[in-house]
Amino acid sequence: MSEQKRVLSCIQPTGHMHFGNYFGAVKNWVDLQEKYNCVYGVVDYHAMTTLYKPDKLRQATWEIIFSLLAVGVKAENLFIQSLIPEHVELCWIFNCFSSYGQLQRMTQFKDKSNQAKETTKDTFISTGLFDYPVLQAADILLYHADFVPVGKDQDQHLELCRSIANRFNTQVGKEYFVLPETLHTETPKIMSTADPTRKMSKSAGDKHYINVFEEQKRILKQVRSAVTDAGASTMSVDANGIREKSAGVENLFELLKACGKLNAHKDLETKYNEGNLSYGDLKGTVGEALAELSAGFVARKAELMADKKNVKYQIQQSSAEIRVRAKQTLKDVRQLTGLGNLKY
Ligand code: AQP
């Protein structure tokens, strides 16, 4: 029997899990667990790349772990990145296999450094922020992942990861690393409801994301205030009777589909194409669908929180077990690159 394919993905403990994270990546994490050998990391080293508060970081790490477990990620597949320091060692080695020019072209670096300047009015941009795609390549290749389920915003980083793996293999004269492939969900890019021209994101500010574990009332309110347009009847219709959609309306339909409300999606789309959909109805249906999904997750998270000590112990254990694989990769890499080899 052939070996199960490996899957790796990560999330930063930089705040709440939002519906962009969930529909763009985490929902896939849950589904893939049935079919593949999966490991998922809460990447706290990454969370240090922009301004952060040390006393909040550990708390945020546990917060996201409880959220991941509540939506269905299995404890045995989860690890905390800083409990596996091999990630940073491999990152350093990969720094020597990645091109400065290619890193300069990373759009996320440009976006995040601009956002940092906008939101904190701070001109300090860390080298870590510039280098984080290399750490991300180390996160992926450390576990020889075949597939990486991420949102569309990560495509450029995955391309960089493949080019690092390629350069490494060429330079050491061995096809050691597999070149990982991206896996997208059907909704790989969820946009901010407050500004549908930008992705749903925490660092853009509170109004630009909807927390999966938010109070029902606030979810409904946030969706109700979503930016749309002047009305369906103002949009053009093509020869097949399909009406053009503005980014905001498209995003609301995408959210409805992502919630699995396919019948409602079909009915509302028909009305939209006919030019008589009220955006109030669309927003109401989307808000209800998100709130319903959220309610199940909130209840599950409360159960897990009641068993905090045990859950934390499980994650320490799973991180230690997952570290065994990371150590093996480092042992091979040290051998291949001519570094001193430790006795593991
Ligand atoms: N808007 C999105 N649509 C689809 N997928 C998304 N992801 C993030 N935003 C969207 C995916 O979520 C996973 C975890 O990403 P992350 O840890 O990098 O999350 P993030 O970048 O911290 O999310 P934010 O809110 O966008 O944070 P900031 O603003 O700090 O960058 C990834 O697979 C990502 O693709």
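Residues numbered from 1 in each chain as written. Predicted model: local features only at pLDDT ≥ 70, side-chain atom pairs only at ≥ 80, totals over all residues. Heavy atoms only, no water.

## Thoughts on the site of the ligand
Here comes step 1: If you check the shell around the ligand, you find 22 residues, and the closest are His18, Asp153, Ser201, Lys202 and Ser203.
Here comes step 2: Between the ligand and the protein, one listed contact pairs a nitrogen atom with a backbone N or O atom of Ile190 at 2.8 Å.
Here comes step 3: Taken by itself the ligand offers 630 Å² of open surface, and the protein chains cover 95% of this.
Here comes step 4: Broken down by secondary-structure element, the contributors of at least two residues to the shell around the ligand are β1 (6-11) and α1 (19-32).
Here comes step 5: Sort the elements by how many residues they give to the shell around the ligand and α1 lands first, with four residues.
Here comes step 6: Considered class by class, the residues forming the shell around the ligand number seven nonpolar, ten polar and five charged. (Near = heavy atom within 4 Å. Polar contact = N/O pair within 3.5 Å; in protein donor to acceptor, adjacent residues only side chain to side chain. Areas by Shrake-Rupley, 256 points an atom, 1.4 Å probe, with all protein chains shown as cover. Helix = DSSP H or I, 4+ residues; strand = E, 2+ residues; numbered from the N terminus. Nonpolar A, V, L, I, M, F, W, Y, C, P; charged D, E, K, R; others polar.)

## Notes on the nonpolar core
Here comes step 1: Ranked by size, the top nonpolar core spans 58 residues in total, and within it Met17, Phe23, Val26, Leu68, Leu78, Leu282 and Leu290 carry the most contacts.
Here comes step 2: Taken domain by domain, the makeup of this core includes at least three residues from each of domain 1 (6-187 + 308-337) and domain 2 (202-303).
Here comes step 3: Every residue in contact with Val26, bar those within four places of it in the chain, is listed here: Ile11, Met17, Asn21, Leu68, Val71 and Val73. (Core = buried A, V, L, I, M, F, W, Y, C linked by side-chain atoms within 4.5 Å. Buried < 20%, exposed > 50% of the residue type's maximum accessible area, 1.4 Å probe, protein only. Domains from an automatic or database assignment. Contact = heavy atoms within 4.5 Å.)

## Some words on helix α7 (residues 155-172)
Here comes step 1: End to end, α7 covers 26 Å across 18 residues, agreeing with the expected 26 Å (1.5 Å per residue, within 8%).
Here comes step 2: Where α7 ends, the next residue or the one after it, Gly173, has phi of about 70 degrees, a positive value. (Expected span 1.5 Å × (residues − 1).)

## Examining helix α8 (residues 216-224)
Here comes step 1: Every buried residue belonging to α8 is among Ile219, Gln222 and Val223, and all of these are buried. Taken end-on, α8 shows its buried residues confined to a sector of 95 degrees, consistent with a single buried face. Turned more than 90 degrees from where α8 packs its buried face, Lys217, Lys221 and Arg224 sit exposed.
Here comes step 2: Contacts from the buried residues of α8 go to α1, α9 (247-258) and α11 (279-305). (Arc of directions from axis to C-beta.)

## Brief notes about unusual backbone geometry
Here comes step 1: Its identity as a non-glycine residue notwithstanding, His144 has a phi of 50 degrees, on the positive side.
Here comes step 2: By the element assignment, His144 lies in the loop between α6 (127-141) and β4 (147-149).

## Points about the packing of helix α3 (residues 86-95) against α6
Geometry of a packed helix pair, given as the angle between the helix axes and the separation of the axes.
Here comes step 1: It is the contact of α3 with α6, at a shortest axis distance of 8 Å, that shows an interaxial angle of 120 degrees. The orientation of α3 with respect to α6, classified from their angle, is oblique. Where α3 crosses over α6, the two elements pack in a sense that is right-handed. Facing α3, whose interface residues are His87, Val88, Leu90, Cys91, Phe94 and Asn95, α6 presents Asp131, Val134, Leu135, Ala137, Ala138, Asp139 and Leu141. (Axes fitted to C-alpha atoms, helices over the stretch in contact; angles between N-to-C directions. Parallel < 35°, antiparallel > 145°, perpendicular 65-115°, else oblique. Left-handed = near helix turned anticlockwise from the far one by under 90°.)

## Quick word on the domain arrangement of the chain
Here comes step 1: As assigned here, the chain comprises domain 1 (6-187 + 308-337) and domain 2 (202-303).
Here comes step 2: Of note, the centres of domain 1 and domain 2, computed from C-alpha atoms alone, are 30 Å apart.
Here comes step 3: Together, the buried faces of domain 1 and domain 2 total about 1,800 Å²; carbon and sulfur atoms form 65% of this surface.
Here comes step 4: Among the residues of domain 1 in contact with domain 2, His16, Phe19 and Phe23 are the three that bury the most area, contributing 34% of the side total.
Here comes step 5: Taken together, domain 1 and domain 2 are joined by one salt bridge.
Here comes step 6: Here Lys301 makes a salt bridge to Glu63, at a shortest N to O gap of 2.6 Å.
Here comes step 7: Joining domain 1 to domain 2, the criterion identifies six residue pairs in polar contact (both at pLDDT 80 or more).
Here comes step 8: Residue assignment for the side of domain 1 that touches domain 2 shows that the elements contributing at least two residues are α1, α2 (54-71) and α5 (107-120).
Here comes step 9: Residues of the side of domain 1 that touches domain 2, tallied by class, amount to seven nonpolar, ten polar and three charged. (Buried area = accessible area lost by both parts, 1.4 Å probe. Salt bridge = Lys/Arg side-chain N within 4 Å of Asp/Glu carboxyl O.)

## Considerations on the packing of α9 against helix α10 (residues 262-274)
Here comes step 1: Interhelical geometry of α9 versus α10 gives an angle of 155 degrees and a closest axis separation of 8 Å. Taken together, α9 and α10 sit at an angle that is classed as roughly antiparallel. Residues Val249, Phe253, Leu256 and Lys257 of α9 form the contact with α10, whose participating residues are Leu262, Ala264, His265, Leu268, Glu269 and Tyr272.
Here comes step 2: Here the residues of the contact of α9 with α10 sort into seven nonpolar, one polar and two charged.

## Details of the environment of Lys301
Here comes step 1: Relative to the helices and strands, Lys301 is located in helix α11.
Here comes step 2: Taking the relative accessible area as the measure of exposure, Lys301 reaches 9% and is therefore buried.
Here comes step 3: Between the alpha carbons of Lys301 and Val71 there is a distance of 8.2 Å; along the sequence they are 230 residues apart.
Here comes step 4: Contact partners of Lys301, with chain neighbours within four places excluded, come to Glu63, Phe66, Ser67, Ala70 and Phe213.
Here comes step 5: One polar contact links Lys301 to Glu63, side chain to side chain, over a distance of 2.6 Å.

## Some points on the pairing of strand β2 (residues 37-42)
A regular strand carries its side chains on alternate faces of the sheet.
Here comes step 1: For β2, a buried count of five out of six residues is recorded, marking the element as mostly surrounded by other parts of the structure.
Here comes step 2: In this structure, β1 lies alongside β2, joined through six bridges in parallel fashion. Within β2, the residue paired with Arg6 across the bridge is Asn37.
Here comes step 3: Between β1 and its parallel partner β2, the chain crosses via α1, and the hand of that crossover is right-handed.
Here comes step 4: Relative to strand β3 (residues 78-80), β2 is paired through three bridges, and the arrangement is parallel. When the sheet's bridge partners are listed, Val42 is paired in β3 with Ile80.
Here comes step 5: Between β2 and its parallel partner β3, the chain crosses via α2, and the hand of that crossover is right-handed. (Pairing = 2+ DSSP bridges. Right-handed = clockwise from strand over helix to strand, strands pointing away.)

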